[in-house]
Amino acid sequence: MASFAPLQRLVISIAVLASFVTFLDGTVVTVALPAISRELGGGITTQQWVVDAYLITLSALILLAGSVADAYGRVVVMRVGLIAFGIASIAVAASIDPIMLIVSRAAQGAAGALLVPSSLALITATMRSDVQSRAIGVWTAFTTGAQLVGPLLGGLFVDYLSWRFVFLINVIPIGITLLLLARLHLPEHPRGVKVDWWSGALCAIGLGAVVFALIEQPNLGWGSPAIWLPGILGTLLFAWFLIRQQRSAAPLMPLWLFRVRDFGWGNLATLFVYAALSLNGFVIGVYLQQGAGLSATAAGLASLPLTILMILLSSRAGLWAGRFGPRIFMTVGPLLMAAGTLLLLTVSTDFSYWWQVLPAMIVMGLGLSLTVAPLTSAILGAIDESHSGIASAVNNAISRVAGLLVVAMLSTIVGGALDLDGFHNAAWVTATLLVLGGVVSWIGIRRNPVEASDAAAEAPGGPVPSPR
């Protein structure tokens, strides 16, 4: 980060560290699920809940958190989120049964919701143009690296210590981030933005009810009132949430944002791409242990090529997107990832990581490196600084909801069991989602990043600056 000014380096460091713990905890659990299940009990349903309890609160409250950050200041909200995340992490590590673990994971997600939009909004609020693109590239490289290195850390702790320690280690980056925050002095004051708490409740309860129905449906069946009642109620509450966003004077998710072309189409691409990434990460982490018989550490190492390629290439991809526009990268990247996913179809009962998994990881890593930073830059660069907090929150919420829903539908996707056939089914679904992400990007994202937005003049408060 030598090319950045001192203040910019400080902001990027804080943003990376604050997001690191949330992204790490979102993925570290995947490879630890078999060990958690062995120690605390529960089958695939409990494993789904351990993942989705975190994602439900993170995705449902991240919109509320973005609005709170814009209202009360990003630094203040980030500080509260860091402390709450540390406390919740200790509770996860101390869990004595699945219920305590699931509740603690939900609390982690709620605290994480305060961190992600605030951290990225610090970058978008203090940097613009090519500097912002490069900064987002750095942020993307390290935070996505956290997602990808999570399975490796989880595997090491499971095999040599305990899965509990990976949550306790969060205290270190949290402490460092709090110290750095004390050195950050920005001319930021509460803006008097009203926070729609009712909308936050509608979003959280609606999503939670729908996910409950999707996860428990394979056990109880759609004919059970315990399934279709929460499913219908959740759908109605979430529909009410969307209607309220159109009428609210201070919406959590301003729907006019989606009239900004790159923001709207970019978030649709986000939905497909992150659903694919979440499905792929879950399936690989669990199948390589339960199906292929690898140790937790070996299963974690399987995704290491993705991590290395992301760290090496993401910043450069962000720079290229700033110069040439994000469209080509957001198209080619997902298609490359789809090709890599299809290589996983070579996995057979005669398992070989080197010939069946490693080539797929390399191709997917190249595609992921080309995709994530341009995708983030295209979406957030389309919105002005005064709405950067909520824009970041919306994008992050969509990516988490994508993962939330696809994990909730896991039993349906794999055909009831994560055996070899289920693994292949998941590969086909993942590849299809990635192709859709690439096609959507080609159709919707502007070829030239400096073209004006068609919806700018319609935005409340005046025109929205064009992407830079």
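Analysis parameters
- Per-chain numbering applies: the sequence of each chain, read as written, is numbered from 1 onward.
- pLDDT decides what is reported in this predicted model: residues at 70 or higher carry local features, side-chain atom pairs at 80 or more are listed and counted, and totals for whole chains, interfaces and linings draw on all residues regardless.
- Processing note: side-chain calculations cover all non-hydrogen atoms of the structure and skip hydrogens and water entirely.
- Counting from the N terminus, the helices are DSSP H or I runs at least four residues long and the strands are E runs at least two residues long.
- Working definition: with a 1.4 Å probe on protein chains only, accessible area under 20% of the residue-type maximum means buried, over 50% means exposed, and in between means partly exposed.
- The contact rule is simple, with two residues in contact once any of their heavy atoms fall within 4.5 Å.
- Calculation of accessible area relied on Shrake-Rupley with a 1.4 Å probe; when residues are assessed, cover is drawn exclusively from the protein chains displayed.
- With axes taken as lines fitted to C-alpha atoms, and helix axes fitted only over the stretch in contact, angles between N-to-C directions fall between 0 and 180 degrees.
- Any angle between 65 and 115 degrees counts as roughly perpendicular, while under 35 counts as roughly parallel, over 145 as roughly antiparallel, and the rest as oblique.
- Helix crossings are classified by the rotation of the near helix relative to the far one: an anticlockwise turn of less than a right angle makes the crossing left-handed, while a clockwise turn makes it right-handed.
- We call Asp, Glu, Lys and Arg charged. Ala, Val, Leu, Ile, Met, Phe, Trp, Tyr, Cys and Pro are nonpolar, and the rest, Gly among them, are polar.
- A residue counts toward a patch only above 30% relative accessible area and without a salt bridge, and it is joined to like-charged neighbours within 9 Å or, for Val, Leu, Ile, Met, Phe, Trp and Tyr, to nonpolar neighbours within 5 Å.
- Basic side-chain nitrogens of Lys or Arg form a salt bridge, by our definition, when they fall within 4 Å of a carboxyl oxygen of Asp or Glu.
- Take the buried Ala, Val, Leu, Ile, Met, Phe, Trp, Tyr and Cys residues and link them wherever side-chain atoms come within 4.5 Å; each set so joined is a nonpolar core.
- Confidence per residue, as judged by the predictor, is encoded in pLDDT with a range of 0 to 100.
- When the centres of two rings from Phe, Tyr and Trp lie within 6.5 Å, Trp using its six-membered ring, the rings pair. Their planes under 30 degrees apart give stacked, over 60 give edge-to-face, and anything left gives tilted.
- Here the expected length of a helix is defined as 1.5 Å per residue gap, with one fewer gap than residues.
- Fitting axes to the seven residues that end at a residue and to the seven that start at it, the angle between those axes gives the bend at that residue.
- Distance and chemistry together define a polar contact, namely a pair of N or O atoms within 3.5 Å, with one atom able to donate a hydrogen and the other to accept it when in protein, and with adjacent residues in sequence counting only for side-chain atoms on both sides.

**Comments concerning the overall build of the protein**
Secondary structure assignment for the protein yields 17 helices and zero strands. Looking at the protein as a whole, 60% of its 468 residues qualify as buried. Within the protein, contacts between residues at least 6 apart in sequence are counted, and of these 83% link residues at least 24 apart. Carbon and sulfur atoms form 70% of the exposed surface of the protein, whose accessible area is close to 17,500 Å².

**Section: the packing of helix 10 (residues 261-290) against helix 14 (residues 353-380)**
Look at helix 10 against helix 14: their axes get within 10 Å of each other, and the N-to-C directions meet at 150°. As the angle between them shows, helix 10 and helix 14 are arranged roughly antiparallel. Remark: the crossing between helix 10 and helix 14 carries left-handed chirality. Here Asp 262, Phe 263, Gly 266, Asn 267, Ala 269, Thr 270, Tyr 274, Leu 277, Asn 280 and Ile 284 of helix 10 come into contact with helix 14, specifically with Met 361, Met 364, Leu 368, Val 372, Leu 375, Ala 378 and Ile 379. Considered class by class, the residues forming the contact of helix 10 with helix 14 number twelve nonpolar, four polar and one charged.

**Observations concerning the environment of Pro 326**
With respect to the secondary-structure elements, Pro 326 resides in the loop between helix 12 (304-324) and helix 13 (327-343). When the C-alpha atoms of Pro 326 and Ile 379 are compared, they prove to be 9.7 Å apart, with 53 residues separating the residues in sequence.

**Overview of a nonpolar patch on the surface**
On the surface, Trp 265, Leu 268, Leu 271, Ile 328, Val 332, Leu 335, Val 435, Val 439, Trp 442 and Ile 443 cluster together to form a nonpolar patch covering roughly 800 Å² of accessible area. When residues of the nonpolar patch are traced back to their parent elements, those giving at least two are helix 10, helix 13 and helix 17 (420-444). With four residues, helix 17 is the largest single contributor of residues to the nonpolar patch. Structurally, Val 332 can be placed in helix 13. For Val 332, a relative accessible area of 34% corresponds to the partly exposed category.

**As for the nonpolar core**
Buried together is how nonpolar side chains tend to be arranged in soluble globular proteins. Counting 140 residues, the largest nonpolar core has Leu 63, Ile 123, Trp 163 and Phe 263 as its most contacted members. Tallying contributions element by element places helix 1 (residues 6-40) first for this core, with 17 residues.

**Observations concerning the confidence of the model for the protein**
Counting all residues, the mean pLDDT for the protein is 80, and 89% of those residues have values of 70 or more. The low-confidence segment residues 450-468, where pLDDT is below 50, has 40 contacts with residues more than four positions distant or belonging to other chains.

**Looking at the packing of aromatic side chains**
Under the criterion given, the structure shown has six aromatic pairs. Ring centres of Phe 238 and Phe 241 lie 5.5 Å apart, and the angle between their planes is 35°; on these two criteria the pair is classed as tilted. With Phe 238 and Phe 241 both in helix 9 (residues 225-247) and three residues apart, this pair spans about one turn of that helix. Look at Phe 241 and you get buried, because its relative accessible area is 0%. Aromatic pair Tyr 287 and Phe 423: ring centres 4.6 Å apart, planes at 25°, arrangement stacked.

**Overview of helix 8 (residues 197-220)**
The α-helix winds at 3.6 residues per turn, so residues separated by three or four positions along the chain end up facing the same way. Helix length check: helix 8 (24 residues) gives 33 Å between terminal C-alpha atoms against 34 Å at 1.5 Å per residue, within 8%. Where helix 8 bends most, at Leu 214, the angle is about 30°, and the proline Pro 218 comes one to four residues later. With its phi angle positive at about 85°, Gly 221 sits one or two positions after the end of helix 8.

**Things to note about the pattern of salt bridges**
Overall, the coordinates contain one salt bridge when judged by the stated rule. With its nearest N and O atoms 2.7 Å apart, the salt bridge here joins Arg 164 to Glu 39. With Arg 164 in the loop between helix 5 (129-160) and helix 6 (165-168) and Glu 39 in helix 1, the pair connects residues that are 125 residues apart, well separated along the chain. According to the relative accessible area criterion, Arg 164 is buried, its value standing at 18%.

**Comments concerning the side chain of Thr 57**
Residue placement: Thr 57 occurs in helix 2 (residues 44-72). Since its relative accessible area comes to 16%, Thr 57 is described here as buried. Within the local environment of Thr 57, its side chain forms a polar contact with the backbone oxygen of Ala 53, the two atoms lying 3.3 Å apart. Reaching out from Thr 57, the side chain makes a polar contact with the backbone oxygen of Ala 106 at a distance of 2.7 Å.

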